[in-house]
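Observations on the model geometry
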Amino acid sequence: MKFCWRAMRLFASGLLIFLITTLPALAAEASAEDPAAATAGLIFRWLNFILVFGGVGYLIAKRGGAFFRANAKAIGASITEAQAAKTEADRELREVEAKIARLDQEVVELREAARRDSAAEAERLLASGRAEIEKISQAARGELAASERAAQQELRALAASLAVERAAALLSSRMNGEIRARMFRAFLGELGRSAN
């Protein structure tokens, strides 16, 4: 804002000086006599020219230097900021390009890791399945062995029961009163010997 007011004041000052110096020439044109043809008119024109451009030159030298230096500093600062922004943008661009270049490699690495993980998981599941099958197989063998032992014991008990029944039936058919009495006496004799 300060910059604009300064420029406007400079322009207004220059315009005012220009009008003041050219006013006599404009007033001279209104007279009937053509002063340009006279030697005095030529001298006044040269003096007018020197005064106007001298005043403009003085104003430019006096006030324009500071104005142009400030403008040059602002432009220089803008250029410096632009160079810094460009440097930062170039750095970010290089980083992005490097990431893009590594992206294919990272995708390959991720796929390889996923394949390895998948294979490891499949192997783990297979091993777990084998262990489960082995546990179930052992449990089944244990149950079969237990069932076999139980069946064998039941079969032995049945065989013993049948053998006792058969022996009892055989003995009852072959035993008579005399055999029973002899057996009873033999038992008593053994009992007496064992008591002594």
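Bear in mind the structure is a predicted one, so any value in this text is a computation, not a measurement. Counting restarts for each chain: residues are numbered from 1 in the order of the written sequence. The model is predicted, so local features are restricted to residues of pLDDT at least 70 and side-chain atom pairs to those at 80 or more, both for listing and for counting; the totals for chains, interfaces and linings are taken over all residues. Each side-chain value is derived from all of the structure's non-hydrogen atoms; neither hydrogens nor water enter the calculation.

Some points on the overall build of the protein chain
Inclusion rule: Numbering of helices and strands runs from the N terminus, with a helix taken as a DSSP run of H or I at least four residues long and a strand as a DSSP run of E at least two residues long. Areas reported as accessible are Shrake-Rupley estimates using a 1.4 Å probe. Residue values count occlusion only from the protein chains shown.
Across its full length, the protein chain holds three helices and zero strands. Counting helices and strands in the order they occur from the N terminus, the protein chain gives α-α-α. When the accessible area of the protein chain is evaluated, it comes to approximately 16,800 Å², of which 66% is carbon and sulfur surface.

Looking at the pattern of salt bridges
Once the charged atoms of two side chains with opposite charge are near each other, the side chains can pair. Which entries qualify depends on this criterion: Only one rule defines a salt bridge in this text: a Lys or Arg side-chain nitrogen within 4 Å of an Asp or Glu carboxyl oxygen. Buried, partly exposed and exposed residues are distinguished by accessible area as a fraction of the type maximum, computed with a 1.4 Å probe on protein chains only: under 20%, between the cut-offs, and over 50%, respectively.
Considering all chains together, one arrives at seven salt bridges under this definition. One salt bridge connects Arg 116 with Glu 112, and the closest N-O pair in it is separated by 3.9 Å. On the criterion of helical spacing, the pair formed by Arg 116 and Glu 112 is a turn pair, its members being four residues apart in helix α2 (residues 39–174). You can call Arg 116 partly exposed: its relative accessible area is 47%. Residue Glu 134 pairs with Arg 141 through a salt bridge whose shortest N-O separation is 3.2 Å.

Brief notes about α2
Stated formally: Expected span, for any helix, means 1.5 Å times one less than how many residues it has. Bend at a given residue is defined as the angle between two axes, one fitted to the seven residues that end at that position and one fitted to the seven that begin there.
Here α2 spans 189 Å end to end across 136 residues, near enough to the 202 Å set by a 1.5 Å rise per residue. The principal kink in α2, of about 50°, is found at Gly 64. Turning to α2, its buried residues are Gly 41, Asn 48, Val 52, Gly 55, Leu 59, Gly 64, Gly 65 and Phe 67.

Side note on the packing of aromatic side chains
Here is the rule: Put simply, two rings from Phe, Tyr or Trp (the six-membered ring, in Trp's case) pair if the centres are within 6.5 Å, and we call them stacked under 30 degrees between planes, edge-to-face over 60, tilted for the rest.
Inspection of the entire model under this criterion finds two aromatic pairs. When the ring of Trp 46 is compared with that of Phe 49, the centres are 6.0 Å apart and the planes differ by 85°; the resulting orientation is edge-to-face. Residue Trp 46 and its partner Phe 49 are both found in helix α2; the two are separated by three residues, about one turn of the helix. For Phe 49, a relative accessible area of 43% puts it in the partly exposed group.

Things to note about a nonpolar patch on the surface
Rules: Patches here: salt-bridge-free residues with over 30% relative accessible area, like charges joined within 9 Å, nonpolar side chains (Val, Leu, Ile, Met, Phe, Trp, Tyr) joined within 5 Å.
Together, Leu 42, Trp 46, Phe 49, Ile 50 and Phe 53 make up an exposed nonpolar region whose accessible area comes to about 570 Å². Mapped onto the secondary structure, Ile 50 falls in helix α2. What makes Ile 50 exposed here is its relative accessible area of 53%.

Some words on the confidence of the model for the protein chain
Selection rule: Along the chain, pLDDT gives the predictor's confidence residue by residue, from 0 to 100.
Model confidence for the protein chain is summarised by a mean pLDDT of 82, while 90% of its residues fall at 70 or above. Per-element averaging of pLDDT across the protein chain places helix α1 (residues 2–30) at the bottom with 72 and α2 at the top with 86.

Description of a positive patch on the surface
Inclusion rule: As used throughout, the charge tally considers Lys and Arg to be positive and Asp and Glu to be negative, leaving His and the chain termini uncounted. Here the site of a charge means NZ on Lys, CZ on Arg, CG on Asp, or CD on Glu.
A surface patch of positive charge is lined by Arg 6, Arg 9, Lys 62 and Arg 63. Elements that contribute at least two residues to the positive patch include exactly α1 and α2. Secondary-structure assignment places Lys 62 in helix α2. The exposure class of Lys 62 is exposed, given its relative accessible area of 55%.

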